[in-house]
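Per-entry structural report
Residue-level listing of the chains:
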Amino acid sequence: MGPRTLRFTELRAGVEGISHKMLTQTLRGLERDGVVHRTVHATVPPRVEYRLTEAGEALRDTVNGMCAWTRRHLDEIEAARRRFAEREHGTAR
């Protein structure tokens with residue numbers, strides 16, 4: 001979610017593999033925590049829009065930084081996971 005307002009269907013299309021139920025639960029939690037603002041328009045069917053709050057905007061910057069860090073270190077992370085799995089399953093060489 002960026003600086004603009006998005007409808008539920010736009011959010012769902014942007015998150016690969018998420019179910020309607022899981023996205024609904026996640027958005028409700030984010031709304032409860034003050035990260036997302038939800039607006040329901042009295043139309044048939046109801047139109048529901050979401051936007052980040054000021055706190056959500058600040059969190060987005062943090063999450064984007066974590067994503068960038070993960071992309072930079074992905075090879076190291078995957079190698080560490082392989083070593084861990086080998087150790088856990090007794091297949092270390």
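The text that follows walks through the structure, step by step, so that each part is easy to find.

1. Let's talk about the overall build of the protein chain
Helix and strand content of the protein chain: three helices and three strands. When its helices and strands are written in sequence order, the protein chain yields β-α-α-β-β-α. Expected size for 93 residues packed as a compact globule is a radius of gyration near 12 Å; at 19 Å, the protein chain overshoots this value by more than 25%. Reported as C-alpha extents along the three principal axes, the dimensions of the protein chain are approximately 65 × 25 × 20 Å.

2. Quick notes on the nonpolar core
Among the nonpolar cores identified, the biggest contains 11 residues, and these are Leu6, Phe8, Leu11, Ile18, Leu23, Leu27, Val35, Val36, Val48, Tyr50 and Leu52. Listing elements by their share of this core, those giving two or more residues are helix H1 (8–14), helix H2 (20–32) and strand E3 (47–52).

3. Considerations on the sheet that holds E3
What the three strands build is an open sheet, ordered E1-E3-E2; its pairing is antiparallel. Two strands close off the open sheet at either side, each with one partner strand: strand E1 (6–7) and strand E2 (36–41). In terms of strand pairing, E2 meets E3 through six bridges, oriented antiparallel. Within E3, the residue paired with threonine 39 across the bridge is glutamate 49.

4. Describing the environment of alanine 79
On the secondary structure map, alanine 79 appears in helix H3 (residues 54–88). Classification of alanine 79 as buried rests on a relative accessible area of 19%. Each C-alpha atom of the pair alanine 79 and arginine 47 lies 45 Å from the other, and the pair is 32 residues apart in sequence.

5. Overview of the pattern of salt bridges
Per the counting criterion, the structure on display carries four salt bridges. For arginine 32, the salt bridge goes to aspartate 33, with nearest N and O atoms at 3.0 Å. We classify arginine 32 as exposed; its relative accessible area is 66%. Across the pair arginine 47 and glutamate 49 runs a salt bridge whose closest N-O atoms are separated by 3.3 Å.

6. Points about the side chain of threonine 53
Relative to the helices and strands, threonine 53 is located in the loop between E3 and H3. In this structure threonine 53 comes out as buried when scored by relative accessible area, which is 19%.

7. Some points on H2
A rise of 1.5 Å per residue sets the reference length of H2, with its 13 residues, at 18 Å; its end C-alpha atoms lie 18 Å apart and thus fit the reference within 8%. The inward-facing, buried residues of H2 contact H1 and E3. Once H2 ends, the next one or two residues include glycine 34, with phi positive near 80°.

8. Some details on the side chain of glutamate 49
Secondary-structure assignment places glutamate 49 in strand E3. Engagement of the side chain of glutamate 49 in a polar contact is seen with the side chain of histidine 41, the distance being 2.9 Å. With sequence-adjacent residues up to four places away left out, glutamate 49 is seen in contact with Thr5, Leu6, Arg7, His37, Arg38, Thr39 and His41.

Conventions used here
Residues numbered from 1 in each chain as written. Predicted model: local features only at pLDDT ≥ 70, side-chain atom pairs only at ≥ 80, totals over all residues. Heavy atoms only, no water. Helix = DSSP H or I, 4+ residues; strand = E, 2+ residues; numbered from the N terminus. Rg over C-alpha atoms; globule rule 2.2 N^0.38 Å. Core = buried A, V, L, I, M, F, W, Y, C linked by side-chain atoms within 4.5 Å. Buried < 20%, exposed > 50% of the residue type's maximum accessible area, 1.4 Å probe, protein only. Pairing = 2+ DSSP bridges. Salt bridge = Lys/Arg side-chain N within 4 Å of Asp/Glu carboxyl O. Expected span 1.5 Å × (residues − 1). Contact = heavy atoms within 4.5 Å. Polar contact = N/O pair within 3.5 Å; in protein donor to acceptor, adjacent residues only side chain to side chain.

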